[in-house]
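Analysis of the macromolecular model
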Amino acid sequence: MGSFVANPRVTLNIVPRDQRLGLEDQRVLIVGQKLSGTAAAGLNRDVPRTDAEINELFGARSHLSLMCRAFRRVNKVTNLDVIALADNAGGTAGTAVIVGSGTATKAKTVYVSVVSATHNRYEVDVVIGETPATFMAKLAALIDEDTEAPFTYATSGTPVTTVTFTAANKGTLCNGWLLSVLDTYDRPANVPGLTFTLTGWTGGATNPSLSGLFDEVENTRYQGVVYPEAYTRSTLVNWIDARKNLDNNILDGRAFIYSVEAYADVKTSAISYNSSEVVVMTNEKNDLSYWKGPHIPEAPDAIAAKAAAARARRFEDGFSISDLVVTNEPRDQFGGMSKNSLPYFNTPILEVRQPLTGSGYTYEEQVELEGDGVTVIGYNRTNNAVIMGQVVTTWNNDAAGNLDDTWKWLEWRDTHGAIREYFVTNLRREFSQYRMTAGTAVPGYAIVDEAGVRAFLYELYDDLAAEVLTQAGRDARRYFEDNLVVTMRPDLRRVEVAADVPMVSQLGEIIGSVKFSFSPGTV
């Protein structure tokens, strides 16, 4: 085939533009127990967004559906996978009991909460002459309408005096659940003439086998993991710690557990984990005549799911997070990489009712728990929201046993991880097909020398400073330059880098003193 004559001969190839890569898309993993449903046991990827779809997969009353619904009510953006476990055939479902006695001599509205004071709260109007039998009948009718309750019930007595709740799933997961009988103002119900005796959730036994639990996700990155507080935690800790530093890969992430253990026990547990990848949350469990169970009136594993969902949404680039932050700064109203350094304290836990006023750990106990690697979640000063306190990991010391706060605060761990990931991702992209030299790079070829590596790392540092992860300013930049070691090893086809990165921190405390005077300007 002939061709036209065209001179000068010009050929210009089009190539991809130079650009930076951000952080990997968020993906969260939830571990929990299913019931009937269309999903098979094991790994299920990309959990849908609606309650109905979740219920169809795992069973509306299942522990796993409860956790997934809690996550999706806070975060419909982030990719979500689950490891669905079937009940252990030899397991036992736990129970909780309410026993009524007497006859009401005054009308009053009573609220019975089972597992969740938000989603399983039943309003019973007590009338004069109300007996346990008529009260339980009203309560049963309300529960019958709740198709997502993670429990069943049975009444007993002649006439009826008792209602027994039984967890829908077998195992110990229910032993820390809520049971309360309160009035309109979340005080003891105190119905004149009609009394209630509560037995909190207990008796759940024998969890599913966790052997090979994480085998199917060995090569999948999860920036967040929600793990049941009742499961053996060493299974989680061993798996997630091993993902922190890998050859030629980044798989690290943080796991969230809400624990209902007693004060001394939760401290001991956190110290034993000593993991920068695990966040254990808690507050004082109630054991009152009218309130049995968590300080926050919600299923513990649902609280953990909500915390992980809020954190993941903070990292979703361009999505609104105004309901998750208290700052009014415009660039902090939307998710993105910069939120790795934004404080977690004061983050609201959405869609939960208020704890009992005056309950919970004291300030001194909260500080001691934080020191041992336990995060406290509780009500704000006006008791109209539940918020995160100082969020810490369970990292307490190095392998030799020396006290070490390198990754004590979750923000420090997240920021450090984001800096590392940004460096790794963009170094890999920039030098994807390059020669190297211990001499001087020749322009126009894919070849790099020490100066070229340094210059690129300086650019990455500046990118991160613009995202408020590394420190901005001449002094900080000069410190990074002066302490950056780049060694060219062409004999090994290797560049060795040692970087000391000035990182931003968080304003978590202000201390000082205030004095007064009567005559300003005079001594």
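Use the structure listed above.
Everything in this summary refers to the structure shown in the same document. Within every chain, residues take consecutive numbers counted from 1 along the sequence as written. Whole-chain, interface and lining totals are the exception, using all residues; otherwise, since this is a predicted model, local features are given only for residues with pLDDT of at least 70 and side-chain atom pairs are given and counted only at 80 or more. By convention in this description, side-chain values take in all heavy atoms of the structure and omit both hydrogens and water.

A few points about the overall build of the protein
Counting its regular elements, the protein contains 10 helices and 21 strands. Reported as C-alpha extents along the three principal axes, the dimensions of the protein are approximately 100 × 90 × 50 Å. A buried classification covers 49% of the 523 residues belonging to the protein. In the protein, of all internal contacts separated by at least 6 residues, the share reaching a separation of at least 24 is 69%. Note on areas: these come from Shrake-Rupley sampling with a 1.4 Å probe, and a residue is covered only by the protein chains present in the view. With an accessible surface of roughly 25,000 Å², the protein has 52% of that area assigned to carbon and sulfur atoms. Across the protein, 48 positive and 63 negative side-chain charges occur, with their mean positions spaced 3 Å apart. Helix numbers and strand numbers start at the N terminus; a helix is a DSSP run of H or I with at least 4 residues, a strand a run of E with at least 2. Residue burial is assigned from relative accessible area. The probe radius is 1.4 Å, only protein chains are included, and a residue is buried under 20% of its type maximum, exposed over 50%, and partly exposed in between. Whether two residues are in contact is decided by their heavy atoms: any pair within 4.5 Å suffices. Only four residue types enter the charge count: Lys and Arg as positive, Asp and Glu as negative, with His and the chain ends excluded. For charged residues, the charge sits on one atom: NZ in Lys, CZ in Arg, CG in Asp, CD in Glu.

Remarks on the nonpolar core
Here the nonpolar core consists of buried residues drawn from Ala, Val, Leu, Ile, Met, Phe, Trp, Tyr and Cys, with membership extended through side-chain atoms lying within 4.5 Å. Ile98, Phe135, Leu139, Phe165 and Trp201 are the most contacted members of the largest nonpolar core, which totals 76 residues. Here the element with the most residues in this core is helix α6 (residues 300-314); it accounts for 9 residues. Beyond its immediate sequence surroundings of up to four residues, Ile98 is in contact with Val112, Met136, Thr161, Thr162, Val163, Phe165, Leu179, Val181, Phe196, Thr197 and Leu198. Ranked by size, the runner-up nonpolar core spans 28 residues in total, among them Leu85, Trp239, Ala255 and Val374.

Considering the sheet that holds strand β11 (residues 224-226)
Judged by pairing direction, the sheet is mixed, and its 8 strands sit side by side in the order β2-β3-β1-β11-β12-β13-β16-β17 without closing on themselves. Of all the strands in the sheet, just β2 (42-44) and β17 (386-388) have a single pairing partner and so form its edges. Neighbouring strand axes in the sheet, compared pairwise and without regard to direction, differ in orientation by 25° on average. Angular values range over 0 to 180 degrees, each being the angle between N-to-C directions of two axes fitted as lines to C-alpha atoms, with helices fitted over their stretch in contact. Those strands touched by helix α2 (residues 63-74) are β1 (27-33), β3 (79-85) and β11, and its axis lies near 150° from that of β1. At least two DSSP bridges between two strands are needed for those strands to be called paired.

Here we look at the side chain of Thr162
Within the fold, Thr162 resides in strand β8 (residues 162-167). Within the structure, the side chain of Thr162 is placed 3.2 Å from the side chain of Thr161, a separation counted as a polar contact. Those residues in contact with Thr162 that sit more than four places away from it in its chain are Val97, Ile98, Val99, Met136, Ala154, Thr155 and Ser156. In the analysis that follows, any N or O atom pair within 3.5 Å is treated as a polar contact, provided that within protein one partner can donate a hydrogen and the other can accept it, and provided that, for residues neighboring in sequence, both atoms belong to side chains.

What about the packing of aromatic side chains?
Any two rings among Phe, Tyr and Trp, with Trp reduced to its six-membered ring, count as a pair given centres within 6.5 Å; such a pair is stacked if its planes are under 30 degrees apart, edge-to-face if over 60, and tilted if neither. Counted according to the given criterion, the structure contains 14 aromatic pairs. Geometrically, the ring pair formed by Phe151 and Phe165 is edge-to-face, given 5.6 Å between the ring centres and 85° between the ring planes. With Phe151 in strand β7 (residues 151-156) and Phe165 in strand β8, this residue pair connects regions lying 14 residues apart in the sequence. Assigned by exposure class, Phe151 and Phe165 land together as buried. Here the aromatic rings of Trp409 and Trp412 are separated by 6.5 Å at their centres, their planes lie at 80°, and the arrangement is edge-to-face. Given a relative accessible area of 22%, Trp409 falls into the partly exposed group.

Digging into the packing of helix α8 (residues 410-430) against helix α9 (residues 450-466)
At a closest axis distance of 11 Å, the pairing of α8 and α9 adopts a crossing angle of 140°. Classified by the angle between their axes, α8 and α9 sit oblique to one another. At the point where α8 passes α9, the crossing takes the right-handed sense. Where α8 approaches α9, its residues Ile419, Tyr422, Phe423, Asn426, Leu427 and Glu430 are matched on the opposing element by Phe456, Leu457, Leu460, Tyr461, Asp463 and Leu464. We call Asp, Glu, Lys and Arg charged. Ala, Val, Leu, Ile, Met, Phe, Trp, Tyr, Cys and Pro are nonpolar, and the rest, Gly among them, are polar. In terms of residue class, the contact of α8 with α9 is made up of 9 nonpolar, 1 polar and 2 charged. Angle categories: roughly parallel below 35 degrees, roughly antiparallel above 145, roughly perpendicular from 65 to 115, and oblique for all the rest. By definition, any crossing whose near helix is turned counterclockwise from its far helix by less than a right angle is left-handed, and any crossing with a clockwise turn is right-handed.

With respect to the pattern of salt bridges
By definition here, a salt bridge exists when the distance from a side-chain nitrogen of Lys or Arg to a carboxyl oxygen of Asp or Glu is within 4 Å. Counted by the stated rule, this structure contains 36 salt bridges. The salt bridge involving Glu148 is made with Arg73; its shortest N-O contact spans 3.6 Å. Here Glu148 is found in the loop between α3 (132-144) and β7, whereas its partner Arg73 is found in helix α2, with 75 residues between them in sequence. Its relative accessible area of 21% is what places Glu148 among the partly exposed residues. Between Arg489 and Asp491 there is a salt bridge; the shortest N-O distance is 2.9 Å. Take Asp491: its relative accessible area is 57%, and that puts it in the exposed class. Several salt bridges share partner residues, and in doing so they unite Glu24, Arg221, Asp252, Arg254, Glu277, Arg311, Arg413, Asp414, Arg420 and Glu421 into one network.

What to know about the sheet that holds strand β5 (residues 108-114)
In spatial order, the strands read β6-β5-β9-β15-β14; together these 5 strands make up an open sheet with antiparallel pairing. Since the sheet does not close on itself, it has two edges, and those belong to β6 (116-126) and β14 (286-287), each with one partner. Across 2 bridges, β14 lies against strand β15 (residues 291-293) in antiparallel orientation. Across the sheet, residue Asn286 finds its bridge partner in β15, namely Gly293. Seen against the sheet, α3 touches β5 and β6 and runs at an angle of roughly 140° to β6.

Quick look at unusual backbone geometry
Geometrically, the link from Asn7 to Pro8 is a cis peptide bond, its omega value of -5° lying close to zero. The topology assignment puts Pro8 in the segment before β1. Positive phi is not limited to glycine here, since Val115 has a value of about 80°. Summarising the element assignment, Val115 is placed in the loop between β5 and β6. Residue classification places Val115 among the buried positions, given a relative accessible area of 0%. The phi torsion at Asp186 lies on the positive side, around 60°, for a residue other than glycine. Tracing the chain through its elements places Asp186 in the loop between β9 (179-182) and β10 (194-202).

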